[in-house]
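# Analysis of the macromolecular model
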Protein chains: 6
Amino acid sequence: MRFDEAYSGNIFIASQQDYKESQAVLYGMPMDFTVSFRPGSRFGPARIREVSLGLEEYSPYLDRHLEQVNYHDAGDIPLPFGNAGRSLEMIGEFVAKLLQENKFPLGLGGEHLVSWPIIQEMYKKYPDLAIIHMDAHTDLREEYEGEPLSHSTPIRKVCNLIGPQNVYSFGIRSGMREEFQYAAESGMHLYKFDVVEPLKNVLPSLAGRPVYVTIDIDVLDPSAAPGTGTAEAGGITSKELLQAIHLIAGSELNVVGADIVEVAPAYDPSEQTQIVAAKLVREILLGWVK
Amino acid sequence: MRFDEAYSGNIFIASQQDYKESQAVLYGMPMDFTVSFRPGSRFGPARIREVSLGLEEYSPYLDRHLEQVNYHDAGDIPLPFGNAGRSLEMIGEFVAKLLQENKFPLGLGGEHLVSWPIIQEMYKKYPDLAIIHMDAHTDLREEYEGEPLSHSTPIRKVCNLIGPQNVYSFGIRSGMREEFQYAAESGMHLYKFDVVEPLKNVLPSLAGRPVYVTIDIDVLDPSAAPGTGTAEAGGITSKELLQAIHLIAGSELNVVGADIVEVAPAYDPSEQTQIVAAKLVREILLGWVK
Amino acid sequence: MRFDEAYSGNIFIASQQDYKESQAVLYGMPMDFTVSFRPGSRFGPARIREVSLGLEEYSPYLDRHLEQVNYHDAGDIPLPFGNAGRSLEMIGEFVAKLLQENKFPLGLGGEHLVSWPIIQEMYKKYPDLAIIHMDAHTDLREEYEGEPLSHSTPIRKVCNLIGPQNVYSFGIRSGMREEFQYAAESGMHLYKFDVVEPLKNVLPSLAGRPVYVTIDIDVLDPSAAPGTGTAEAGGITSKELLQAIHLIAGSELNVVGADIVEVAPAYDPSEQTQIVAAKLVREILLGWVK
Amino acid sequence: MRFDEAYSGNIFIASQQDYKESQAVLYGMPMDFTVSFRPGSRFGPARIREVSLGLEEYSPYLDRHLEQVNYHDAGDIPLPFGNAGRSLEMIGEFVAKLLQENKFPLGLGGEHLVSWPIIQEMYKKYPDLAIIHMDAHTDLREEYEGEPLSHSTPIRKVCNLIGPQNVYSFGIRSGMREEFQYAAESGMHLYKFDVVEPLKNVLPSLAGRPVYVTIDIDVLDPSAAPGTGTAEAGGITSKELLQAIHLIAGSELNVVGADIVEVAPAYDPSEQTQIVAAKLVREILLGWVK
Amino acid sequence: MRFDEAYSGNIFIASQQDYKESQAVLYGMPMDFTVSFRPGSRFGPARIREVSLGLEEYSPYLDRHLEQVNYHDAGDIPLPFGNAGRSLEMIGEFVAKLLQENKFPLGLGGEHLVSWPIIQEMYKKYPDLAIIHMDAHTDLREEYEGEPLSHSTPIRKVCNLIGPQNVYSFGIRSGMREEFQYAAESGMHLYKFDVVEPLKNVLPSLAGRPVYVTIDIDVLDPSAAPGTGTAEAGGITSKELLQAIHLIAGSELNVVGADIVEVAPAYDPSEQTQIVAAKLVREILLGWVK
Amino acid sequence: MRFDEAYSGNIFIASQQDYKESQAVLYGMPMDFTVSFRPGSRFGPARIREVSLGLEEYSPYLDRHLEQVNYHDAGDIPLPFGNAGRSLEMIGEFVAKLLQENKFPLGLGGEHLVSWPIIQEMYKKYPDLAIIHMDAHTDLREEYEGEPLSHSTPIRKVCNLIGPQNVYSFGIRSGMREEFQYAAESGMHLYKFDVVEPLKNVLPSLAGRPVYVTIDIDVLDPSAAPGTGTAEAGGITSKELLQAIHLIAGSELNVVGADIVEVAPAYDPSEQTQIVAAKLVREILLGWVK
């Protein structure tokens, strides 16, 4: 007997109580176990839901209302604290179920490693999958401190799985020299510093393709998203990130799922990081779920 | 499809997944709508659950382990934001159901007004109910700013319902003159400033009685519980409050339910208020649920 | 015997002690009683005054010095805590007095509802009044949770009073569908997302008109003004808002009063929200009081 | 035209509007210019007033109500920022006026140096003045970093002025070796670590004497008063400090004035330091003003 | 060319520049890599040094002055971030060197695991070593989440090394059932909840023995030390902990080294945790180094 | 015996242990003694080093790696707390030594006054020195509150020393009228509000000149650098400031030294101010040290 009805504090605004009828499912992945510098993203999903109460259900950007999208907030996956391996398995199993039932998965991290099992499942269903990746960091390491399961490695794993030529990274402004070399030599598409302009150029070439979009909140400048583990100066504004979401919404892409990761509320007493993330959730639901 | 399994972040430690078999049920009441000075207790239940991860499941005070108590964390009741009247109704309905199924209700506030519908249901089941009330404030107003549904009124309502002679308040150090006069004249039992000593004196007289215990976290000194709406200097220590819980645990009382209210995490960046509250929850489960 | 002399902590820099000789009067409206999500704007005026000590009295934007404007900081109107109705009356009475004595009223909120009684008085004096409204939110609701006196309703009330065709809103990026529909159908002028460009277009048409300007600090992006009750991502920068003030300063408008509202310092430990608000106060005094 | 009426935000609760009829006057001294380690006490008085709204006007300790004391909150003395010498002069002038008009002065600091000009004026009026000083620190230096006007020197100055044998310090737990030597050799009365027990012993000997009481909030343990410039572990609880105030209230002393200093709110996001200080103000008004 | 002179910000007050002549050496161990719940103690040593500037060099408790102790602050051992194994080795090597040169090692953590290599070296030098351990937690696990190198295991390791009958734990109020069973059955000395009284009883039996003292700051109640990884309600006051240090100072023990661990400043914006820790450092230097 | 090896917490990433072989030397100047409004920049250098751990050693902007620059982090100069005059002397002596040994000095403040002794030494070595100054404030006062050694005066002193025609200020948006008049009349080059565009125009004229660059972090908008003593709205973004550094890196200038000042971490719980400052340090090392 856990409460299932929509509630402002624990459930994202306008969530539908009925899972079966829903087109999209919002779910949290409260995991930050591989992060040693500034952990805390395991509280991201809960805090994003909390501040959603301050949002309207209508978007003046898209002229759409959340009542036009039948989505269900499933809460957080009950990941075992400290156990990264089992947590990734559980995320994979959950997403596999969603995909089987033709739901649009919209995940909230948690650290960026949570995207890895999701994309594995996505790829099983969509063999011609492409990835749009917005981030400050390359996340292309093969391992971190000797550990292949790290928040610094997920995009490299994805490249290995689906082919680097199917991976498009935007807004990147930090990484090891070797990571940038890999990007340059492997054929993946890495756009430094900016998001909107390169995205405009890329979108036509992806028309009709199934695309999964993973957004690390630190693609934003620290001024707009201070609550994250590895804030990196020189990023984009929230206006630009909203514009990127709307560009994709207006494109020919077949967006088949998405996630927003690395919101770590403890570093942001103003709550603005979760506030912008909540708005991104709404715009993605309204713009990408069709 | 909300997740039901125990999870460190969203569910109190050692919660049993199965509601039906449980002896006790933990539930949250995220309501702070009648508080204008320093609101924020609607986030209390969620934050108490979060920090429970830092607790052990075993109590060296009671030499008992949470596996010896079959309890279920039901999450937060989905109270409608801003609607105090409907929220109180929903709390009453939920507690009525628990009582019908012979569960021990352990509620987490939220503002103190949430205790009012609980005690109404308790009284229906236990006509000889007594109340133990630990608080810095009398909460004996008839109304607050013209409003009878206020966080300053619940104990007065309780006195009117079950008779002031059945109400025992401890640790009180703030109130209007009229409230203290009411206490003195009505026959209720109000003990100023201290908890442990007067409690020792009172407990024998309540032996065998069904007793509901309501703990406003501000009975603690602000040094031990800064995260509350109306902190009041001159309170007791957390050692003393633990001792009070253990005194009750070792008494002949028939404790039939309890709540902990007014944890408002925003005023306490150190999280110590929710940390002490989580420990109280554990000790109550281990000491009072039999 | 309250102290009347200018003091850095309690009075805005360069305030003149003599009310009678002053051209403009700065006053605070410490009211946030209709706000339930994140209250705290009742502390806005006091905190804006405090940080004014960090400002220079000279503006390199306008090449003017506060000694060229004879203004008086009257402190906060002593609004009764929790009583919204009486508070609005007191604000109206105070502004009526200022207008009778030909002072330029510059008000500091408090929640946005405080603008409503001000504009009522303004309209009595200036029947051809126009309103410039900079805000993230439409504020066009007819009621909020059944309550017509709400921080979500003031601009709708203004439209009803002075005619929607005389109301110009800028920077709007949040509201209910019905509010945007009302804006579109009623003839009011609502400019989404941006401020500077639409303002440039509008200003010539208002030449010579008496105009009251109300600035909700949340028109700024949360990165520039995190200390506000309902921060909304995707806003303008402080550079743009300063530019808007300077555009009006350089226009043919007859600005007859202004307010800055919704500064809620508790959400911004960096104090940058009150810091930008204090600078806006200075630029308004230097640019609009003539 | 500054507002004179009692207002919850800017004026301490229950302040009477009429200065002339008042018995006691509350006033702030927003000065922290000689503090280099952790300044910020210039915001103490304003913050103490703000939180007074959370207090009741009735004391269950003394069974008295603020309506039984006719007192007036005069606001903050407009001290010139950065100018310690002139600030001390202004404090002296203000207190001289209060004493001339037979008011009980209750001052709020600001740093401890503000007590110096007050006590100078007190001594002019009461040549047999004694001082009760509650503090963590001796404050007996002759100078600090070569500067005789320092927050570390006021009690030494007082000893020189009125004679060390008339100075009683309680709760002291920090100072230079030379300061403790001075205390031991000069004949002043310095009680280390504790307040309540030595005070009980001292009070009879001061019966009938005019006594000024200066309370540095850091006499409290940092757990009870973290918001102060030089917090010092090992202090007393707020219960003990309240008890000390009540002991004095019940004694034969002729308390002729008092101050509470060194509340520096920036170090205490929980606001508990100003909360305890506000309660001390109420208890002093109710217990010492006769 | 690193600066070697005493400086208020980077070096503890009154540190002597000359290592060779020093009797005692203060050193930091900035390691928190095995902590997943609330890390951050790697910043403890630096913050303790910073606030030492607010301390006097003289202790009125012991009537001694730091100039009477020739000690040297060696800064932090440059532990490799994220590498617990190598870090422990480096700590061991450093302490071995200190012991060889007959210095009294006073270590600042960092997580509690840092005590393990220190005690290994101590035991090599002093085969009849006894341990005094003040802590909220037993720290007697054999492993934590499958990992033998954890902040929950150091005291168990110590028991295995030097024999449980030589280990004395005080103030313990949290642990697994198995840990308390181990304590009861193994012959180690575990005193629950309190420190001062059991310590008084134990000290005579340790007269003349070489004793190493390890203090986990969380032995203090969270009200006195909120800045720690696993705060546990119901602890002792800073007055009691100071008393414990002075009891040892006045005893016949041969204290041969000490550490203070688990200060995690991020959870304590008031800085009171590092403030009390800095005072403990001073009292230990003055009372235990002979 | 202070530790000399590179360590993540106390030493900037990738610092070389060997001073003698180093081309550049990073050093801190922990001084904020002349600042009365919001002090705290004495903690800037330590906090910038701490967060450097979150940076990569490679710059994708410049395609260079810190291993290509042999630099040494010398720690903080041990400035005597509260003694501004002696502190400035010590800074001068230290920089003189660096210049004698042909090191590139990269200083971290501390308040802006620390640049004054540096530039004096620079001018002795480079008689044709030019200054690039990025700041929100003119810093051109002759004195501040009667004190010539103030954080508001360093650039005026520099103008007097090397001639105003050799001083180039960018991003200025605050100052006294007299300061702007001085700038206009003296022949110095003051560019208001912007940095990038005027810098592009100026750089060619400085080709081949020895240039010292002093960056006050408050040239950034408070949204990007809230942690500073006198935040001033309307500033540039971190993207623009990075671009300015890269413009200089790609120019014909002979940069002979630099500093970054006024990082005051206490006002920025998000740490973003030190995070951007640490990135500036890396880019300066990679771009300007040749």
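Criteria and thresholds
Residues numbered from 1 in each chain as written. Chains lettered and ligands numbered in written order. Predicted model: local features only at pLDDT ≥ 70, side-chain atom pairs only at ≥ 80, totals over all residues. Heavy atoms only, no water. Helix = DSSP H or I, 4+ residues; strand = E, 2+ residues; numbered from the N terminus. Rg over C-alpha atoms; globule rule 2.2 N^0.38 Å. Buried < 20%, exposed > 50% of the residue type's maximum accessible area, 1.4 Å probe, protein only. Contact = heavy atoms within 4.5 Å. Areas by Shrake-Rupley, 256 points an atom, 1.4 Å probe, with all protein chains shown as cover. Axes fitted to C-alpha atoms, helices over the stretch in contact; angles between N-to-C directions. Parallel < 35°, antiparallel > 145°, perpendicular 65-115°, else oblique. Nonpolar A, V, L, I, M, F, W, Y, C, P; charged D, E, K, R; others polar. Polar contact = N/O pair within 3.5 Å; in protein donor to acceptor, adjacent residues only side chain to side chain. Pairing = 2+ DSSP bridges. Salt bridge = Lys/Arg side-chain N within 4 Å of Asp/Glu carboxyl O. Right-handed = clockwise from strand over helix to strand, strands pointing away. Phe/Tyr/Trp six-rings, centres within 6.5 Å; stacked < 30°, edge-to-face > 60°.

When you go through chain A residue by residue, the secondary structure sums to eight helices and ten strands. In terms of overall dimensions, chain A is globule-like: its C-alpha atoms have a radius of gyration of 17 Å, near the 19 Å expected for 290 residues. Seen through its C-alpha atoms, chain A measures out along the principal axes to roughly 50 × 40 × 40 Å. When the 290 residues of chain A are sorted by exposure, 71% land in the buried category. For chain A, the share of sequence-separated contacts (at least 6 apart) that also reach a separation of at least 24 residues comes to 77%. Within the structure as shown, chain A displays about 8500 Å² of accessible surface, and the carbon and sulfur contribution to it stands at 46%.

Moving on to the environment of V95(A). All names here are of chain A. Looking at where V95 falls in the secondary structure, it is placed in helix α2 (residues 84–100). Judged by its relative accessible area of 0%, V95 falls in the buried class. Distance from V95 to L203, taken between C-alpha atoms, is 26 Å for residues 108 residues apart in sequence. Those residues within four positions of V95 in sequence are excluded, and the remaining contacts are Y27, I118 and E121.

Let us now look at the packing of helix α1 (residues 44–52) of chain D against helix α8 (residues 272–288) of chain D. Residue and element names in this part refer to chain D. Remark: α1 packs on α8, axes separated minimally by 8 Å, with the N-to-C direction vectors making an angle of 80°. The angle between the axes of α1 and α8 places the two elements in the roughly perpendicular class. Between α1 and α8, the contacting residues are R47, I48, V51 and S52 on the first element and Q274, I275, A277, A278 and V281 on the second. Split by residue class, the contact of α1 with α8 holds six nonpolar, two polar and one charged.

The next point concerns the side chain of H137(F). Residue and element names in this part refer to chain F. Secondary-structure assignment places H137 in the loop between β6 (130–134) and α4 (154–162). H137 gets classed as buried once you look at its relative accessible area, which sits at 11%. At a separation of 3.0 Å, a polar atom in the side chain of H137 contacts the side chain of D218. Sequence-distant contacts of H137, defined by excluding residues within four places in its chain, comprise I172, S174, D218, T230 and E232.

So, about the sheet that holds strand β5 (residues 104–109) of chain B. Residues and elements named next belong to chain B. Reading across from one edge, β4-β1-β5-β10-β9-β6-β7-β8 is the order of the eight strands in this open sheet, with parallel pairing throughout. On the outer flanks of this sheet lie β4 (71–76) and β8 (189–192), each paired with one strand and no other. Going across the sheet, the axis of each strand differs from the next one's by a mean of 15°, ignoring polarity. Pairing between strand β6 (residues 130–134) and strand β9 (residues 210–216): five bridges, direction parallel.

So, on to the sheet that holds strand β4 (residues 71–76) of chain F. All names here are of chain F. Strand order in the open sheet formed by eight strands is β4-β1-β5-β10-β9-β6-β7-β8, and the pairing between neighbours is parallel. Two strands bound the open sheet, and with one partner strand each, they are β4 and β8 (189–192). On average, each strand axis in the sheet is inclined to that of its neighbour by 15°, with strand direction left out of account. Direction of pairing for β6 relative to strand β7 (residues 167–172): parallel, over a ladder of four bridges. Looking at β7, one finds that H133 is bridged to S169. Across the sheet, helix α7 (residues 238–249) touches β6, β9 (210–216) and β10 (254–261), and the angle it forms with β6 is around 165°.

Let us look at the pattern of salt bridges. Residues and elements named next belong to chain F. Inspection of every chain in the model, using the stated rule, returns 102 salt bridges over all chains. Residue D32 is joined to R42 by a salt bridge in which the shortest nitrogen-to-oxygen separation is 3.5 Å. Taken together, the residues span a long stretch of sequence, with D32 in the loop between β1 (24–29) and α1 (44–51) and R42 in the loop between β1 and α1 at a distance of ten residues. Just as D32 is buried, R42 falls in that class too.

Attention now moves to the pairing of β7(F). Residue and element names in this part refer to chain F. Across the six residues that make up β7, a large majority, six, are buried. With α4 bridging β6 and the parallel β7, this β-α-β connection has right-handed handedness. Taken together, the four bridges between β7 and β8 define a ladder with parallel strand orientation. Across the sheet, residue S169 finds its bridge partner in β8, namely L190. Once the chain exits β7 it traverses helix α5 (residues 177–186) before rejoining the sheet at β8, and the crossover so formed is right-handed.

Left apart from each other, chain C and chain E have a closest C-alpha approach of 11 Å. At the level of C-alpha atoms, the two units chain B and chain F stay apart, their nearest approach being 11 Å.

Further remarks concern the packing of aromatic side chains. For the structure on display, the rule yields 30 aromatic pairs over all chains. The interplanar angle of 15° and the centroid separation of 4.3 Å between the aromatic rings of Y61(C) and F193(F) together place this pair among those described as stacked. Within this pair, whereas Y61(C) is found in the loop between β2 (58–59) and β3 (64–65), its partner F193(F) is found in the loop between β8 and α6 (196–202), the two belonging to separate chains. Residue classification places F193(F) among the partly exposed residues on the basis of a relative accessible area of 21%.

A few words on the environment of Y126(F). Residue and element names in this part refer to chain F. Topologically, Y126 is positioned in the loop between α3 (115–125) and β6. On a C-alpha basis, the gap between Y126 and D63 in space is 30 Å, while along the polypeptide they are 63 residues apart. When near neighbours in sequence (up to four residues on either side) are disregarded, Y126 contacts P210 and V256.

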